[in-house]
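# Overview (structure and organization)
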Amino acid sequence: MMITIRDVAKHAGVSVSTVSRALNGYEDVSDKTRKRIQDTVRQLGYIPNQSAKNLSSKTSKNVALIISGIASEDKLDEFTGNLIRGVYEYMNQKGKTIAIYGISSSMQKQKTLETMCHEYSLSGIMLMGFQVQDVYLKETAELDIPCVSIDVVPGGSRPVVVATDDEKAFEEITDYVLDRGHKDVVLLRGRDNAQVTHLRQAGFEKSLKKHGIRTRDIRVLQCDYLEERAYIETKKYIRTHQKSGATAFICMSDLMALGVCQAVTESGYQIPEDFSVTGFDGLNILEFIRPLITTIDQNISEKGFQGVRILMDMVEGGHEPSVIHVPHRLVERDSVKDLRR
């Protein structure tokens with residue numbers, strides 16, 4: 001069986017990063033620890049991967065975008081594509097390259113993030129698509145290389161996050177609906193294990209409070225950011241309540257808004273004459289839907305651009321920020337009826 005750097009770390013009683021730093025001549029490893037590692041290497045017969053040895057040296061500037069769940073059914077390719085577009089826009093401007101690795105939750109349990117970074121000889125990583133329970137988020141606290149996360153706070157005492165101000169943005173779009181006279185609304189909620197879901201819900205509830213509407217009086221449809229789930233739940237809601245219930249559906253994603261629109265039209269109603277609908281994301285696919293859907297544009301490609309810009313700055317020894325909010329904007333279209341008229 002091949003001996004790995006993880007085997008050396010286990011036998012020497014140190015971390016994988018310490019083994020790597022000792023073998024690559026870093027001065028921050030004590031002579032005693034270095035000798036123990038070297039003795040363990042000889043004892044186990046470990047042969048360092050030459051590619052990793054070269055690329056994990058002090059001069060290495062290899063970075064990667066690690067995307068979790070890219071093949072899962074609830075991933076909307078346009079969101080991922082827009083973010084990657086922003087990443088490549090920055091890297092192309094700088095004449096640099098970046099690797100992209102797609103992983104799953106099960107893969108995270110088979111190989112630690114630290115091991116993955118050393119196997120691919122990475123000097124910095126950007127994480128996208130991770131959920132709050134994912135192992136790699138917690139393991140970022142143990143990394144000795146820069147890490148930037150998109151839309152979710154990783155582990156450690158100094159998280160670096162690039163995100164939309166989800167609470168503020170969702171408060172804005174809820175205000176937009178309620179300011180137009182809608183009092184009976186339905187919230188289409190995203191996955192419970194996504195941090196953005198809780199932030200958007202907080203913004204929603206702040207808007208309700210401002211408008212004197214009790215949270216307990218609001219119907220919530222749990223749709224997990226899935227278009228099909230939104231379609232099914234909305235269809236059931238309309239079948240039960242017809243037009244005697246809510247006048248507007250406020251969705252935590254554009255994808256769910258699409259499901260709502262299909263359910264409304266198939267039920268024999270019109271948007272916005274019978275029901276108003278809002279989304280959240282700013283996906284281009286909404287431009288092909290009629291009527292055009294009011295939404296929040298997250299400026300997704302800018303997240304990718306700013307995320308990798310910050311990462312490269314950190315790799316070069318620059319300042320580490322904490323949380324960077326990419327500016328969003330409310331895109332007013334034709335899907336919300338003004339009931340005050």
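Residues numbered from 1 in each chain as written. Predicted model: local features only at pLDDT ≥ 70, side-chain atom pairs only at ≥ 80, totals over all residues. Heavy atoms only, no water.

### Quick notes on the overall build of the protein
To keep it simple, the criterion reads: To qualify as a helix, a DSSP run of H or I must reach at least 4 residues; to qualify as a strand, a run of E must reach at least 2; elements of each kind are numbered from the N terminus. Only protein chains enter the area calculation, which uses a 1.4 Å probe; residues under 20% of their type maximum are buried, those over 50% are exposed, and those in between are partly exposed. Working rule for contacts: check all heavy atoms of both residues, and any pair within 4.5 Å makes them a contact. Per-residue and other accessible areas were derived by the Shrake-Rupley procedure at a 1.4 Å probe size, with only the shown protein chains allowed to occlude residues. We score Asp and Glu as negative and Lys and Arg as positive, and we do not count His or the chain ends. Every charge is mapped onto a representative atom, which is NZ of Lys, CZ of Arg, CG of Asp or CD of Glu.
Each helix and strand in the protein was counted, giving 13 helices and 12 strands. Expressed along its principal axes, the backbone C-alpha trace of the protein runs to roughly 80 × 40 × 35 Å. Per-residue burial for the protein yields a buried fraction of 51% across its 341 residues. Put simply, 72% of the contacts in the protein that link residues at least 6 apart link residues at least 24 apart. Carbon and sulfur atoms make up 48% of the accessible area of the protein, which totals about 16,400 Å². Computed over 44 positive and 46 negative side-chain charges, the separation of the two mean positions in the protein equals 3 Å.

### Some points on the side chain of D338
Put simply, the rule is: Nitrogen and oxygen atoms within 3.5 Å of one another constitute a polar contact, given that in protein one can donate a hydrogen and the other can accept it, and given that sequence-neighbouring residues count only through two side-chain atoms.
Within the secondary structure layout, D338 lies in the segment after β12 (329-331). In this structure D338 comes out as buried when scored by relative accessible area, which is 13%. Within the structure, the side chain of D338 is placed 2.7 Å from the side chain of R340, a separation counted as a polar contact.

### Points about the environment of G181
Tracing the chain through its elements places G181 in the loop between α9 (166-178) and β6 (185-189). Residue classification places G181 among the partly exposed residues on the basis of a relative accessible area of 30%. Note: C-alpha distance between G181 and D338 (157 residues apart in sequence) is 6.6 Å. With residues up to four places along the chain from it excluded, the contact list for G181 reads L339 and R340.

### Remarks on the confidence of the model for the protein
Under the convention used in this document: The pLDDT value expresses, per residue, how confident the predictor is, ranging between 0 and 100.
The pLDDT averaged across the protein works out to 87; a share of 90% of its residues lies at or above 70. Counted against residues more than four places away or in other chains, residues 50-58, with its pLDDT under 50, gives 18 contacts.

### Concerning the pairing of strand β1 (residues 63-68)
Keep this limit in mind: Strands qualify as paired when DSSP identifies two bridges or more between them.
A large share of β1 lies buried, amounting to six of its six residues. Residues V63, L65 and I67 of β1 are buried on one face, and the alternating residues A64, I66 and S68, pointing to the opposite face, are buried as well. In terms of strand pairing, β1 meets strand β3 (residues 124-128) through five bridges, oriented parallel. Counted as the bridge partner of V63 is G124 from β3. Here β1 runs beside strand β2 (residues 99-103); their pairing, made up of five bridges, is parallel. Paired with A64 across the strands is A99, a residue of β2.

### Looking at the state of the cysteines
Inclusion rule: Any pair of cysteine sulfurs within 2.5 Å is marked as a disulfide.
Summed over the entire model, instances satisfying the criterion amount to zero disulfides. With no disulfide of its own, C251 lies 7.5 Å from the sulfur of C261, the closest cysteine sulfur. You can call C251 buried: its relative accessible area is 0%. Residue C261 is classed as buried on the basis of its relative accessible area, which comes to 8%.

### Quick notes on the side chain of D134
Selection rule: A pairing counts as a salt bridge when a side-chain nitrogen of Lys or Arg comes within 4 Å of a carboxyl oxygen of Asp or Glu.
Within the secondary structure, D134 is located in the loop between β3 and α8 (135-139). No salt bridge is formed by the buried D134; its nearest oppositely charged neighbour, K109, is found at 7.9 Å. One polar contact links the side chain of D134 to the main-chain amide nitrogen of Q131, over a distance of 2.8 Å. Contacts of D134, omitting those with residues within four sequence positions, involve S68, S105 and Q108.

### Side note on the packing of α9 against helix α10 (residues 195-210)
Condition: Lines fitted to C-alpha atoms define the axes, with helix axes restricted to the stretch in contact, and inter-axis angles between N-to-C directions lie between 0 and 180 degrees. To sort the angles, those under 35 degrees are grouped as roughly parallel, those over 145 as roughly antiparallel, those from 65 to 115 as roughly perpendicular, and the leftovers as oblique. Two helices crossing with the near one rotated counterclockwise from the far one by less than a right angle form a left-handed crossing, whereas a clockwise rotation gives a right-handed crossing.
Here α9 crosses α10 at 40°, and the two axes come no closer than 7 Å. As judged from the angle between their axes, α9 and α10 are oblique. When you trace α9 past α10, the crossing you get is right-handed. Between α9, through D166, E167, F170, E171, T174, D175 and L178, and α10, the contact on the second element is made entirely by V196, L199, R200, A202, G203, F204, K206, S207, L208 and K210.

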